[in-house]
Every structure is written in structure tokens, then in C-alpha cells.
Amino acid sequence: MSRLAATFEALAKSGRKALVPFITAGDPRPDFTLPMMHAMVEAGVDVIELGVPFSDPMADGPVIQRASERALEHKMSLRRTLAIAAEFRKTNQHTPVVLMGYVNPIEAMGYEDFANAAQRADIDGVLTVDLPPEEAEECAALLKARDIDPIFLLAPNSGDERIKKMDAVGSGYLYYVSLKGVTGAGHLNTADVETKLKQIRANTRLPIAIGFGVKDAQTAKAVADLGDGAVIGSALISKIEANLDDPERAKKEIVELLAAMRQAMDS
Amino acid sequence: MTEKYNMPDERGHFGPYGGMFVAETLMLPIQELNAAYQQYLDDPEFIAELDADLKYYVGRPSPLYHAERWSRELGGAQIYLKREDLNHTGAHKINNTIGQALLAKRMGKTRIIAETGAGQHGVATATVAARLGLECVVYMGAVDVARQSLNVYRMKLLGATVVAVESGSKTLKDALNEALRDWVTNVDNTFYIIGTVAGPHPYPAMVRDFQAIIGREAKQQCLDQAGRLPDTLVACVGGGSNAIGLFYPFIDDRSVKMIGVEAAGDGVETGRHSAPLCAGRPGVLHGNRTYLMEDDDGEIIETHSISAGLDYPGVGPEHAWLKDTGRAHYVNITDNEALEGFHALTRMEGIIPALESSHAMAYTMKLAPTMSKDEIIIVCLSGRGDKDMQTMAQREGIEL
């Protein structure tokens, strides 16, 4: 059983939901990311989504765009992101790490070389925003052969057929994008999410993590109650951006926010 | 290639290129768009409306003009110019925006968005939106807003909102990113009119089909005026919509050579250029796999060209396929060479070409003298140069 599957199964048994933070590797500096990952684990997160910076993040709002730009200024790359993940794994064997990004850096490395490198870094899942199932066959097969979960997105306009398709090609969990828009945008409508989750549940047994629009303890609890996990990205990165001259303070504020989310989700 | 050319496949692939590399929220809208496009492509009523608009509003057919003086001066092949510069709004871009706007209307969309580089596509989009009474938002890189201020003003006059994009390199690729972000947010009422043969399927095929009128007319006009097919086609390639529009109807005419001219900027060897087919490698950007300008890590690198319309790190996937199969050839022309082409056509024929088209003119100046006087080159004069007066004057140290 993959580390992701085991994590979601253990959470389900204890009646808890996954807290899934997203940070961009190398933001604001490459040496910030590894200690931040460990600190987030201490704050009670269950899975870490590690963003691979890309020059043209088409599905991201301004906050994550700027995180990518800051990371790229420090020459962060897919290879260096994998190196950070490998370093993390040396002292943490239980927290799944999911790479999240765009397909071009993976294309540039080559699908097979990437799958091998991800396996060596003990990566648990790969979520590629612009690689829908229609284009993902080759890459997903290479990942699955190495026990790495290919993770796919579901959107408010994904119908039954597409949910079934994601269920067939995806593993680990499915990431439900709770609103039409880019990351960090808009206002969460829990009634809409609840309706959609019923449709998704009817078509897949994979765990559902819900992201986009999760900003604070309250919204984290609201979506966690509906799905199997809450993904939080822009709200964390905003803390980094607000404290560019003081990364330690950014780390402290992120830990506090995650701890508050953990508490709300478990209550 | 003895069989009839029939690309792309039903999922939008030209061999390994093209495809639908988009985030999940955009899958449904591009599938709906594809369904609408397939439906209306064969709908006599739609085709009749499109043809009427092209004739009475755009002013088609555009002439095929025999540039006799320039041909004589160069001393080789007979040069014919396909006069897309004479279309309403001054470039080939409107062939496509007219078609997509008619689709938008039939799909019940009330809001139009577009990206633009030089501003020609933005103007062509704002124009059709004004005519149909649709809300229009045009995304344009902040660098391009500054160097194409005349077109920005035209778009505003036409009622469009022009959004200056400040992210990334602040040019066409960033405008495309921002338009995609708008689309993903407003998918329900918004139609995204992409201006070139890039983006996710069905855009590369759909834009090609709307632009193919260039080649269909040119073929018939050449047969009528010269009594035979041309020997060589030349067109500039940024995203590549005017080039594919000219090339596509000739693909099965194996005797006709096709040459796409990319922007070499300061020279391909300097790295400051916009020539992915000549000096890039395959990757995925903006919804399709194609040749890109990227670094070893797969990050897109900044491009350079004197012409905003060619300043793009990718190229339409069908060009990537035509390159790999050898059916078309791709060359490049520097900024300085393009300026020579600009001046030559202006002084020899009294036609001021756009800086984009000037790249095709400059390559024609190299090619024509190597051919015989009874051979024929058709060059796509994709747009007129009025929009470039500021750039030219500045470059030559003249205050307007």
C-alpha cells in the first residue's frame, strides 16, 4: 500500500481528515523549504504538497505566481525540488510528499528520467496541473510502475464520466478544485461543494482533498467535514510574502495557522 | 506523404504535437467549443454568414498583387504579395476573429476575451465584439502596451477594456497566461478568442481553418493570374496563423515549397531571439506540445524581436509537425534584416508592411535572386505597417 493510501486509511479509521499544506519549493529562498516542511509536520499536517516553480503558472493566482517567481530567482528547479524532498525523507519516513506543478519541467527532464528520479527521492504522488488524463497515459503508467500515485484534479464542471475517468487513472487521492478560478481566488461556497461531493462520491472511492478558497481554520474545517482533506496554499504563501525580510516569522505564522486548522478540523 | 493530409487526429494531435494540456476546469469548455466548431463547420447557414461577413465587412477577397518592380530589381523569381494588409483592421487577424465571434454568438456567450502581442489581434477582436455588442477584455503584456500604444488606443475606442499584464516577461506569453486565468474564472459566459494557431485543441485546427481562406484565395488567384501554381510560399511565423493560413490549402500540392520565417531578433546565436522552430526544442506550454524556447530545467525563457507579434516562445503545433516531416522549412531573419525588408517594400512598391510581415519580405529578398525569372513566390503580406511608425521612428532616431 502506498504511503498516501495508508495515510488516508489511518485517518479514516480514527475519524479524522487530512490537513494538506502547499508551499512552493525555494520560496522565498531554497534553504527555507526543508525546515518549513518539518515544522509543518510538527504542526500536525498529514500530507505535504510541494510546488515545483514554473515560469508560466497558468492556473495560479497572483500569490502563487509570485512564489514561483521568487523561487526561480534563486534558480529553484524540478531537480532541486526533488533533492529537497529526498533530504526531507532522510528524517521523516511517514509524511507523504506530493509534487505539484506543470508538465513542462517534467517533459524537459523526460518522463522516464523523472519517474526514476522521483522514485529515488521517495516521492509519493505527482499532481501535474496541465496534464489531464487524456494526455497523461505514458507519464501515469511510469509513475504507477514505481508505486508513485498520479493525482488528478476534479473541477465544479467535471461530469460523471470524467470523475469515473479520474477514478480509473488516478490513485492516492483526487484533488477537488472547489471553485472555477485560479488558486487563492474567490469565496468558498460550502453548499455547492457539498452537492458536488455527493456526485463525486457516487463515482469514486478514492479520498477527496478539497482546495482553492481554504483560507483559515473555519474554511478548513468546513471543507474537511465534506471531503477527506483540506488543501491550503495561497493563505500560507501570503505569510511568506508578508515577511520576506523575516523568514523565521513567516514560519512561525504558518505553523500557528496550520495548528489552528488542525484543532478546528479535529474538534 | 502520398495520402491526403488529414491532421490533427480527433484529440488534436499533429503527431507528437498539439493536444489538450489544460487544467481540469478548462476541459469542459474546450470540449464544448470543439463540439460547436465541428457542428458549424459543416452548417450551410453558418458558412453563408461567415462568407458574407468576410466579403462585405472584411473586404475579401484580398488581392494577389504581382510586385513587378521589386521582382525585376531582385532579378529572380516573380514575387506575388497576398495582400492581407488590405483587410479591415489592417491584418489577417480578422479572418479568425470574425469566425470565432460568430461561434461565440451561436454558443450564447456574452463576453469575449483575447490576448494580444502587437495589438492586431486585440484590435480585430475588439472590432468584432463592438459589432456584435459583446463585452470585450483584451490582455496585453505591459511591455507591448508601451510599444504599441496606438493599437491600445484603437482597442479602447472600440469599447474594449485593455488589461496591461505585469507578470513574467510582460509580453505575449504572459498575456496568454492571464487570458487563460480569466477564462478559467469566467468559463460560463466567456468565449476566449485565441489569435493564433496555438493553445489547446481545437484552437490550432479551428484558427487554421478560419485562416485557410488566405491560401484558398491565393491558389485560385495564382492559377487565374499566372496560369499555374506557385513554386514557393513564404510567410512569417510567430504563433504562425498567417503562415498556416497560406500553407494549409497547398499541403497536398507537393511541388509547392513552404517556408516559414521566424524572428531571429539580435541573431539566433546571441540567444536573444524568438525562433523556437530553428533553435528550440519540444515541450508543453499554453495547452499544446510544440517547439519552445526553454532552459534545461524546462522554464520558458524570454524572447526578443523587434516585432511584438513574433515575440513568443512557442509556435503552433502544426508547424512543429510540418517541420519534423520536412513538408515545410523554417528559417530566421534578424531585426536588422527585417528592417531592410520593411524599407525595400516601402520604397519599391509603395506598400508599408508590418514589422512581422517584414521578416517574410526580408527572406524573400534573399530567396528570389536564387530562383529563375519564370518561377513564382507568393509572400503573405500579413499586415500593414501603420502600427509600427513609432517603433520605426524611434529606431531611426526620429521624433514624431
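So what exactly am I meant to see when it comes to the sheet that holds strand β5 (residues 111-116) of chain B here?
By way of backbone hydrogen bonds, the strands of a sheet pair with one another, either parallel or antiparallel. All names here are of chain B. Ordered by their spatial adjacency, 4 strands build an open sheet running β7-β6-β5-β8, and the pairing between neighbours is parallel. Because the sheet does not close on itself, it has two edges, and the strands there are β7 (161-165) and β8 (190-192). Ignoring strand direction, the axes of neighbouring strands in this sheet form an average angle of 25°. One ladder, built from 6 bridges, connects β5 with strand β6 (residues 135-141); its direction is parallel.

How do you make sense of the packing of helix α1 (residues 24-41) of chain B against helix α8 (residues 172-185) of chain B when you look at a structure like this?
The axes of two packed helices give the description: the angle between them and the distance between them. All names here are of chain B. Where α1 meets α8, the closest approach of the two axes is 9 Å, and the angle between their N-to-C directions is 80°. Taken together, α1 and α8 sit at an angle that is classed as roughly perpendicular. In contact with T25, L26, P29 and I30 of α1, α8 contributes L180, W183 and V184. Each residue belonging to the contact of α1 with α8 can be placed in one class, and the counts come to 6 nonpolar, 1 polar and no charged.

Help me understand the side chain of E217 of chain B in this model?
By secondary structure assignment, the location of E217 of chain B is in helix α10 (residues 213-226). The class of E217 of chain B is buried, set by a relative accessible area of 12%.

Can you help me understand helix α3 (residues 62-73) of chain A in this one?
An α-helix turns once per 3.6 residues; consequently, residues spaced three or four apart project the same way. Taking 1.5 Å of rise per residue, the 12 residues of α3 of chain A would be expected to cover 16 Å, and the 16 Å separating its terminal C-alpha atoms lies within 8% of that figure. Burial in α3 of chain A covers these residues: V63, I64, Q65, A67, S68, R70 and A71 of chain A. Of the surrounding secondary structure, the elements contacted by the buried residues of α3 of chain A are β1 (18-24) and α11 (234-242) of chain A together with α8 of chain B. Of the residues trailing α3 of chain A, K75 of chain A is marked for its positive phi of about 60°.

Can you walk me through the interface of chain A and chain B in this structure?
Frequently, the measure chosen for interface size is the accessible area removed from exposure when the parts meet. Each partner contributes to the interface: chain A provides 36 residues, whereas chain B provides 38 residues. Here chain A and chain B share an interface that buries about 2900 Å² over both sides, 48% of which is from carbon and sulfur atoms. Interface area lost by chain A to chain B is led by M58, E135 and K180 of chain A, which between them contribute 21%. Across the contact surface, chain A and chain B share 4 salt bridges. Here D56 of chain A and K173 of chain B are joined by a salt bridge, their closest N and O atoms 2.9 Å apart. Across the contact surface, chain A and chain B share 21 residue pairs in polar contact (both at pLDDT 80 or more). When residues of the side of chain A that touches chain B are traced back to their parent elements, those giving at least two are α3, α5 (103-109), α7 (133-144), β5 (149-154) and α8 (160-169) of chain A. In terms of residue count, α5 of chain A provides more of the side of chain A that touches chain B than any other element does, 5 residues in total. Residues of the side of chain A that touches chain B, tallied by class, amount to 18 nonpolar, 7 polar and 11 charged.

Conventions used here
- Residues numbered from 1 in each chain as written.
- Chains lettered and ligands numbered in written order.
- Predicted model: local features only at pLDDT ≥ 70, side-chain atom pairs only at ≥ 80, totals over all residues.
- Heavy atoms only, no water.
- Pairing = 2+ DSSP bridges.
- Helix = DSSP H or I, 4+ residues; strand = E, 2+ residues; numbered from the N terminus.
- Axes fitted to C-alpha atoms, helices over the stretch in contact; angles between N-to-C directions.
- Parallel < 35°, antiparallel > 145°, perpendicular 65-115°, else oblique.
- Contact = heavy atoms within 4.5 Å.
- Nonpolar A, V, L, I, M, F, W, Y, C, P; charged D, E, K, R; others polar.
- Buried < 20%, exposed > 50% of the residue type's maximum accessible area, 1.4 Å probe, protein only.
- Expected span 1.5 Å × (residues − 1).
- Buried area = accessible area lost by both parts, 1.4 Å probe.
- Salt bridge = Lys/Arg side-chain N within 4 Å of Asp/Glu carboxyl O.
- Polar contact = N/O pair within 3.5 Å; in protein donor to acceptor, adjacent residues only side chain to side chain.

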